[in-house]
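Chain by chain, the residues run as shown.
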Amino acid sequence: MIAPTIIAKINDLNAALLSWRTENKSIGFVPTMGALHAGHSSLIHEAVKTCDVVVVSIFVNPTQFNKAEDLAQYPKTLEADLLLLNNFTDVIIFVPEVSEIYQNDLPPTKVDFNSISDQLEGKFRPGHFDGVAQVVEILFNIIQPRKAFFGQKDYQQVLVVKRLVKTLQLPIEIIACPTKRELNGLAMSSRNLLLNSAEIKDAEIIWKTLCFVQEQKNKYSTIELQKLASELFNSGNLTLEYLEIVNASDLSPVKDWEEECVCCIAAFCGKVRLIDNLVLI
Ligand code: AMP
């Protein structure tokens, strides 16, 4: 067992992983952008349970932000993050600078995401998933994990990463972990730190609407329910970007409830953009 080690350089990370690699131990990987909360911890717990050593990266990736102000206001709480990670053993914390990750100007590998990346987040955050795929590919190459852990909170991101791994034929298992929520149902998110108490209350409408969709499923057509749910959502104080019920595997529009469906929501709560989803059963 090792206490958490903090590493900033790729060479040092390789040195730290060397003995685990030579002994063919399993390396798990949990990529994060910091401002850690219990949602992140749940991913790390899962990784520690099933891997010999776990790399947790803290890296606010500039290429996935399509708005400079969003990047600038993204919360940074490194000291608190390190305290939280102190609770884990056999964890290596990788906190690289931007220049360490983007050492050369090589263009990212072109991956055909089969329209998965064009929908929902892709429509409202152009270039977002190109940035995600770029940094994930770089981090996967550096760390070469056997398993990588992602949250279902970013449902579309999981599909994009799975597609990336399949296309590049990387020997990495992608594990999707359930969304951790506050007691009021609000999905935990680093961005919640930017909400004031009135906004946190307002944001309850997201979970309320997702539950409404789950409860009312089968009583209405998918199109009708989408409309009713949007009306409910709009009775609150958030500004809706999208509320869509889509196919859970490829995010295409659904015609009926025969398909496995996921309801995805993105909305502004004041200046803070929040996303959430629920796979409908
Ligand atoms: P982020 O730091 O927001 O980039 O998130 C890092 C990882 O944690 C991603 O795979 C997220 O999907 C996951 N994550 C974020 N919030 C939650 C949550 N509430 N529950 C579970 N996983 C989460």
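Residues numbered from 1 in each chain as written. Predicted model: local features only at pLDDT ≥ 70, side-chain atom pairs only at ≥ 80, totals over all residues. Heavy atoms only, no water.

Some details on helix α2 (residues 38-50)
Stage number 1. Helix length check: α2, at 13 residues, gives a terminal C-alpha distance of 18 Å against a target of 18 Å (1.5 Å per residue), a fit within 8%.
Stage number 2. Listed in full, the buried residues belonging to α2 are Gly39, His40, Ser41, Ser42, Leu43, Ile44 and Ala47.
Stage number 3. Where α2 is buried, its residues touch β2 (27-32), β3 (53-58), α4 (78-85), β4 (91-94), β5 (147-151) and β6 (173-177). (Helix = DSSP H or I, 4+ residues; strand = E, 2+ residues; numbered from the N terminus. Expected span 1.5 Å × (residues − 1). Buried < 20%, exposed > 50% of the residue type's maximum accessible area, 1.4 Å probe, protein only. Contact = heavy atoms within 4.5 Å.)

Here's the deal with the nonpolar core
Within soluble globular proteins, side chains that are nonpolar generally end up buried alongside one another.
Stage number 1. Residues Leu13, Val55 and Phe140 are the most contacted members of the largest nonpolar core, which totals 46 residues.
Stage number 2. When residues no more than four places from it in sequence are discounted, the contact partners of Val55 are Leu13, Leu17, Ile27, Gly28, Phe29, Val30, Ile92, Phe94 and Ile143.
Stage number 3. One finds Val254, Trp257, Leu278 and Leu280 within the second-largest nonpolar core, a separate group that totals 24 residues. (Core = buried A, V, L, I, M, F, W, Y, C linked by side-chain atoms within 4.5 Å.)

Observations concerning the site of the ligand
Stage number 1. For the ligand, the set of nearby residues contains 17 residues, the closest of which are Met33, His40, Asp154, Lys180 and Met188.
Stage number 2. Taking Gly151, its main chain carries an N or O atom lying 2.9 Å from an oxygen atom of the ligand.
Stage number 3. At 2.6 Å, a side-chain N or O of Asp154 approaches an oxygen atom of the ligand.
Stage number 4. Relative to its unbound accessible area of 480 Å², the ligand is 93% covered by the protein chains.
Stage number 5. Mapped onto the shell around the ligand, the elements with two or more residues apiece are β2, α2 and β5.
Stage number 6. Of all the elements, α2 adds the most residues to the shell around the ligand, at 3 residues.
Stage number 7. In the shell around the ligand, the residues fall into 7 nonpolar, 7 polar and 3 charged. (Near = heavy atom within 4 Å. Polar contact = N/O pair within 3.5 Å; in protein donor to acceptor, adjacent residues only side chain to side chain. Areas by Shrake-Rupley, 256 points an atom, 1.4 Å probe, with all protein chains shown as cover. Nonpolar A, V, L, I, M, F, W, Y, C, P; charged D, E, K, R; others polar.)

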